[in-house]
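Notes for the structure review
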Amino acid sequence: MSQQIKRAGLLDRRPGYYAGQIAFTFVLCAVGVSAFVLVGDSWWQLVVAAYAAVVSTQLGFLGHDAGHRQIFRSGPTNYVLGVVLANIGVGFSYGWWVDKHSRHHAHPNDEDKDPDIGAGAVIFTTGQAQASGPIARRFFRYQAWAFFPLLLLEAVSLRVSSVRYLLADRTQARTREGLLMSVHVAGYLAAVFLLLSPMKALVFIAVHQCLLGLYLGCSFAPNHKGMPTLSAADSADYLRRQVLTSRNVRGNWLIDFALGGLNYQIEHHLFPSMPRGNLRHAQHIVRAFCDVHRVPYLETGLITSYVQALRHLDSVGRAPARSVAA
């Protein structure tokens with residue numbers, strides 16, 4: 001399969017594609033800034049805040065691609081772009097995210113090694129459920145209902161995790177990232193509070209950050225939630241470890257745009273450095289290979305992916321009560 005992918009040129013960089021993506025995203029930014037200034041001190045700014053959440057997420061998608069070295073061949077060039085997009089553009093640590101995301105790709109849905117399924121406000125495995133205390137168990141029973149509301153706080157969580165990461169080790173790189181995040185925060189707050197009244201400014205920030213968290217969470221939730229969990233004891237090879245734990249989302253150009261190409265999660269996990277625009281072209285090769293080798297390949301609609309994820313969360317959340325009753 002790897003040879004087929006290489007022969008098809010699907011791992012080659014696509015400078016023209018990414019030049020267009022970057023230019024389009026920065027046009028979206030310019031439109032947002034212009035609208036923010038033109039609307040002025042008005043409650044219509046809440047519409048601008050919702051638009052800003054979409055643009056911020058699109059900047060994050062580009063940062064994701066830079067983190068996987070999909071955009072440039074040069075690692076340092078991808079790093080510079082990633083820091084500009086994440087630390088200055090969105091306001092979270094690029095270094096923290098790359099460290100966390102690399103561990104996720106190396107061990108997808110591994111309860112002990114994948115940070116994306118670590119126990120927290122939500123649990124993802126029955127082992128986590130049974131290890132929780134009695135008060136937490138009461139909450140986890142209803143976590144499926146709380147999942148989307150909790151995503152409204154995801155942007156805040158990303159920033160808190162970023163700050164903790166940057167303060168944990170005062171290296172030159174982390175200090176630099178911290179300064180760039182400070183530039184984002186200072187510029188963002190200055191613009192909002194200079195143009196808007198205090199109440200409107202606070203509501204604008206709340207709407208922007210809550211919808212940013214919701215959009216990010218809704219983009220990543222379909223990928224692995226509700227898929228099988230693995231451990232070091234499982235003998236799955238690289239192909240099965242990546243395919244069995246991932247879910248694709250069926251769609252069209254709008255889904256591709258809205259999810260930043262993450263709807264081709266299986267192809268992305270098998271070939272992380274593949275440019276986003278090539279993932280859909282690789283799909284028929286990967287699917288055919290999986291069919292030949294009898295490796296289950298899951299693709300669903302977007303709504304179905306959320307339903308499957310929520311059913312899994314509900315089942316896991318109720319596991320302790322069933323275990324105790326048994």
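In this report, the structure presented in the accompanying data block is examined. Treat the numbers as computed from the prediction; the structure is a model and nothing was measured.

**Overview of unusual backbone geometry**
Even without a glycine there, the phi angle at Arg69 is positive, about 60 degrees. With respect to the helices and strands, the residue Arg69 is situated in the loop between helix H3 (45–67) and helix H4 (75–90). In this structure, Asn109 is a non-glycine residue whose phi angle is positive, near 55 degrees. With respect to the helices and strands, Asn109 occurs in the loop between helix H5 (94–106) and helix H6 (126–131).

**Some remarks on the pattern of salt bridges**
Following the criterion strictly, the structure yields seven salt bridges and no others. A salt bridge links Asp41 to Lys200; the nearest nitrogen and oxygen atoms lie 3.8 Å apart. Residue Asp41 is located in the loop between helix H2 (15–39) and H3, and its partner Lys200 is located in helix H11 (residues 198–224); the two are separated by 159 residues in the primary sequence. The closest approach of N and O atoms between Arg287 and Glu299, which form a salt bridge, is 2.7 Å. Taken as a pair, Arg287 in helix H15 (residues 279–292) and Glu299 in strand E2 (residues 299–300) lie far apart in primary sequence, 12 residues in all. Under the relative-accessibility criterion, Arg287 is labelled partly exposed at 30%.

**Considering H15**
For H15, with 14 residues, the first-to-last C-alpha span of 20 Å sits near the 20 Å given by 1.5 Å per residue. Looking only at H15, the buried set comprises Leu279, Ala282, Gln283, Ile285, Val286 and Cys290. Contacts made by the buried residues of H15 are with helix H1 (2–7), helix H12 (238–244), strand E1 (248–249), helix H14 (265–270) and E2. Of the residues one or two after H15, Arg294 is the one with positive phi, at around 55 degrees.

Conventions and cut-offs
- The residue numbers shown here count from 1 along each chain, following its written sequence.
- Where local features are concerned, this predicted model is filtered to residues with pLDDT of at least 70; where side-chain atom pairs are given and counted, the filter is 80 or more; whole-chain, interface and lining totals use all residues.
- Computation of side-chain values: all heavy atoms of the structure, hydrogens and water removed.
- For helices the rule is a DSSP run of H or I covering at least 4 residues; for strands it is a run of E covering at least 2, with both sets numbered from the N terminus onward.
- Take a side-chain nitrogen of Lys or Arg and a carboxyl oxygen of Asp or Glu: if they are within 4 Å of each other, that pair is a salt bridge.
- Each residue is assigned to one of three classes by its accessible area relative to the maximum for its type, calculated with a 1.4 Å probe on protein chains only: buried under 20%, partly exposed between the two thresholds, exposed over 50%.
- Given the number of residues in a helix, its expected span is that number minus one, multiplied by 1.5 Å.
- Contacts are assigned to residue pairs that have any heavy atoms within 4.5 Å of one another.

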